[in-house]
Amino acid sequence: MKSLRHIFLYCLIFFNDASFANEVENSYQKQSLLAVLFKRTSAEYKANTFQIYSSAKRNIDKALADKSWTALLNQKEDYQNLPPAIILDIDETVLDNSEHQVRSIKNGTSYPTGWKEWVSEESAGALPGVKEYLSYADAKGIKIFYVTNRTHDLEEYTRNNIKSLELPLDNDVDVLLMKNEKGWTSDKTSRRDLISKDYRVIQIFGDQLDDFMPLQDTATTINKRKMLIDNHANMWGEKWYMLINPMYGEWEEALYDHCWSCFPEESDRVSQRLKALE
């Protein structure tokens, strides 16, 4: 009888330990829960994104008629008669990757874990309003460039995803410009410069400051980043369009002084986040 009791207690302890072992430690990832829910469930996010693309669409004809109109800070001289183009980031600007964020929360993982697997599924949806906007721009003969920091090894998946959503993707020139392609780094300036040689860029879309200006300017303190908005007040809502992304981005890097290695532990980054509230 005693041995049976021991066996019973052993089984009870074993299965309890197994259940605890199966629990995912995701307290750090849960910090982004409200941000992900805002994007996936709120009517307010949908309205915000839709109004951005609707507003941009209404400005297209004005931009085409005004030959001096350019969305680039360093548009080359004698650009007035160049054919028009627009530049868009991809992630959280054209494609919705919130499902990847959901998986990260559930699995207790952080980028880059699971990112390539998600992209390879080619199943990201389009943001509200972007298809209507791009269709209008395409019909007006505007060249559409996608400038993304997705790495070059993900190009085929990215191209297939864009095509599956029936978004414009020209083949006569390379309009999908990716990180690590032709030596391009995370700074998108060189890719914007390349486009400016042959096109008058009339509008730019992104979810990060460096989608619009050099990374060396945007990788700075929180207050200086806000000052950049004021310095270019005449661009926002007319030539530049910022999509809201509360889930991740350069705004978070600014909390860590753009030095992830300085805060290697998750607890260190949480402390730094709390410090930013002071």
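The following paragraphs examine the structure supplied in this document. (Residues numbered from 1 in each chain as written. Predicted model: local features only at pLDDT ≥ 70, side-chain atom pairs only at ≥ 80, totals over all residues. Heavy atoms only, no water.)

## So, the pairing of strand 5 (residues 176-179)
Where a strand is regular, its side chains alternate between the two sheet faces.
Reasoning step 1: Relative to strand 5, strand 4 (residues 143-151) is paired through four bridges, and the arrangement is parallel. In the sheet register, Val-147 faces strand 5, and the bridge partner there is Leu-177.
Reasoning step 2: Handedness of the crossover joining strand 4 and strand 5 through helix 7 (residues 155-164): right-handed. (Pairing = 2+ DSSP bridges. Helix = DSSP H or I, 4+ residues; strand = E, 2+ residues; numbered from the N terminus. Right-handed = clockwise from strand over helix to strand, strands pointing away.)

## Points about the sheet that holds strand 5
As a general point, the strands of a sheet are linked pairwise by backbone hydrogen bonds and lie either parallel or antiparallel.
Reasoning step 1: Taking strand neighbours across the sheet as the criterion, the five strands line up as 5-4-1-6-7 in an open arrangement whose pairing is parallel. Two strands lie at the open edges of the sheet, namely strand 5 and strand 7 (240-242), each paired on one side alone. Averaged over all adjacent pairs, the angle separating strand axes in this sheet is 20°, with direction ignored. (Axes fitted to C-alpha atoms, helices over the stretch in contact; angles between N-to-C directions.)

## Focus: the state of the cysteines
Reasoning step 1: Taken as a whole, this structure holds one disulfide when the rule is applied.
Reasoning step 2: The residue that forms a disulfide with Cys-259 is Cys-262, at a sulfur-sulfur distance of 1.9 Å. The S-S bond linking Cys-259 to Cys-262 shows a torsion near 75°; that makes this disulfide right-handed. (Disulfide = S-S within 2.5 Å.)

## As for the packing of aromatic side chains
Reasoning step 1: As enumerated under the stated definition, the model contains twelve aromatic pairs in all.
Reasoning step 2: With centroids separated by 5.1 Å and ring planes inclined at 75°, the aromatic side chains of Trp-236 and Trp-240 adopt a geometry described as edge-to-face. Of the two residues, Trp-236 and Trp-240, both sit in the buried class.
Reasoning step 3: Members of the aromatic cluster, joined through ring pairs, are Tyr-53, Tyr-133, Phe-205 and Tyr-241. (Phe/Tyr/Trp six-rings, centres within 6.5 Å; stacked < 30°, edge-to-face > 60°. Buried < 20%, exposed > 50% of the residue type's maximum accessible area, 1.4 Å probe, protein only.)

## Some words on the side chain of Arg-200
Reasoning step 1: Of note, Arg-200 is situated in strand 6 (residues 200-206).
Reasoning step 2: Buried charge without a salt bridge: Arg-200, with Asp-66 as the nearest opposite-charge side chain at an N-O distance of 6.2 Å.
Reasoning step 3: Polar side-chain contacts of Arg-200 include one of 2.9 Å to the backbone oxygen of Trp-69.
Reasoning step 4: Ignoring sequence-local partners within four residues, the contact set of Arg-200 consists of Ala-63, Leu-64, Asp-66, Lys-67, Trp-69, Gln-75, Tyr-79, Gln-80, Leu-82, Pro-83, Pro-84 and Ala-85. (Lys, Arg positive; Asp, Glu negative; His and termini not counted. Salt bridge = Lys/Arg side-chain N within 4 Å of Asp/Glu carboxyl O. Polar contact = N/O pair within 3.5 Å; in protein donor to acceptor, adjacent residues only side chain to side chain. Contact = heavy atoms within 4.5 Å.)

## Things to note about the layout of surface pockets
Reasoning step 1: The computed volume of the largest pocket comes to approximately 1,300 Å³.
Reasoning step 2: Taken together, 41 residues line the largest pocket, and the ones lying closest to its centre are Tyr-111, Tyr-248, Gly-249, Glu-253 and Trp-260.
Reasoning step 3: Listing elements by their share of the lining of the largest pocket, those giving two or more residues are helix 4 (98-107), helix 5 (115-120), strand 4, helix 11 (250-255) and helix 12 (266-276).
Reasoning step 4: Counting residues per element, the lining of the largest pocket draws most heavily on helix 11, which supplies five residues.
Reasoning step 5: Of the residues contributing to the lining of the largest pocket, the split by class is 13 nonpolar, 14 polar and 14 charged.
Reasoning step 6: Of the voids in this model, the second largest pocket is the one considered here, and its volume is about 380 Å³.
Reasoning step 7: Lining the second largest pocket are 16 residues, with Asp-207, Arg-225, Met-242, Asn-245 and Trp-251 sitting closest to its centre.
Reasoning step 8: Elements with a contribution of two residues or more to the lining of the second largest pocket: helix 10 (222-231) and helix 11.
Reasoning step 9: Across the lining of the second largest pocket, the residue classes break down as eleven nonpolar, two polar and three charged. (1 Å grid on protein atoms, 1.4 Å probe; cavity = no way out; pocket = protein on both sides within 12 Å on 5 of 7 lines; lining within 4 Å. Points joined across faces, edges and corners; volume = space filled by probe spheres on them. Nonpolar A, V, L, I, M, F, W, Y, C, P; charged D, E, K, R; others polar.)

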